[in-house]
Amino acid sequence: MKHKYTARIIYIFFLVIVMAGCSGMHKNEEANKSNVTDVSFKNSHDQSVTEKMKQLLENEEEVKNIRAVNSDKELLIAAEINHMDRFRLKEIQQKLEKKVKKQYADYKVTISTDKKIFLELEQLENKMRTKKLSKKKFEKEMNRIKNLSKETT
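Below you will find a few notes about this structure. Everything numeric in this text was worked out from a predicted model, so none of it was measured. (Residues numbered from 1 in each chain as written. Predicted model: local features only at pLDDT ≥ 70, side-chain atom pairs only at ≥ 80, totals over all residues. Heavy atoms only, no water.)

## Observations regarding the packing of aromatic side chains
Item 1. The tally for this structure, following the rule as stated, stands at one aromatic pair.
Item 2. Seen in terms of ring centroids, Tyr104 and Tyr107 are 6.4 Å apart; in terms of plane orientation they differ by 75 degrees. Their pairing is edge-to-face.
Item 3. Using a relative accessible area of 12% as the deciding quantity, one classes Tyr104 as buried. (Phe/Tyr/Trp six-rings, centres within 6.5 Å; stacked < 30°, edge-to-face > 60°. Buried < 20%, exposed > 50% of the residue type's maximum accessible area, 1.4 Å probe, protein only.)

What follows is the structure, given as structure tokens:
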């Protein structure tokens, strides 16, 4: 009799552990979804092209997050790639570049998968959101980030 009681307790304990383990799976799926920030700027820099481009690229399965800014003739994009896809960075970068250039042929497109460029663009987006940047300062920052993306370590 005591053996049956112990077996039931172990069985119930096992079911509770399995149920608790399965409930966490949905949290990981939500964390893997892309986190694209919508930025509305209250200054003279029209970023509507950037917002449309972000929506275009957020559907790519390898892309975790996108940061981008645009001027009148240039589009500067940084993509954060999922960890397991980082082995194919060049291939993914070329795929994204081809997709953007096809859609935005009038713009000079610069795409980077470098984390440093991603962070720099994130800071520029934040500056644009919180401060009024003059067109000259904006262009200067954009050129600085573009030159950083061309450097190789």
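## Notes on the sheet that holds strand 1 (residues 63-70)
Item 1. Taken together, the three strands give an open sheet; going across it, the order is 1-2-3, and neighbouring strands pair in mixed fashion. Looking at the sheet topology across the chains shown, the edges are occupied by strand 1 and strand 3 (108-112). Neighbour-to-neighbour, the strand axes of the sheet open up by a mean angle of 20 degrees, direction not taken into account.
Item 2. Alignment of strand 2 (residues 74-81) against strand 3, held across five bridges, turns out to be parallel. Bridge pairing links Glu74 to Lys108 in strand 3.
Item 3. Running at roughly 155 degrees to strand 3, helix 4 (residues 89-103) makes contact with strand 1, strand 2 and strand 3 of the sheet.
Item 4. Seen against the sheet, helix 6 (residues 135-150) touches strand 1, strand 2 and strand 3 and runs at an angle of roughly 50 degrees to strand 2. (Pairing = 2+ DSSP bridges. Helix = DSSP H or I, 4+ residues; strand = E, 2+ residues; numbered from the N terminus. Axes fitted to C-alpha atoms, helices over the stretch in contact; angles between N-to-C directions. Contact = heavy atoms within 4.5 Å.)

## Considerations on the packing of helix 3 (residues 48-57) against helix 4
Item 1. In the contact formed by helix 3 and helix 4, the axes pass within 11 Å of each other and the chain directions differ by 135 degrees. As the angle between them shows, helix 3 and helix 4 are arranged oblique. The element helix 3 and its partner helix 4 pack so that their crossing is right-handed. Side by side, helix 3 and helix 4 meet where Met53, Leu56 and Leu57 of the first sit next to Leu96, Lys99, Val100 and Gln103 of the second. (Parallel < 35°, antiparallel > 145°, perpendicular 65-115°, else oblique. Left-handed = near helix turned anticlockwise from the far one by under 90°.)

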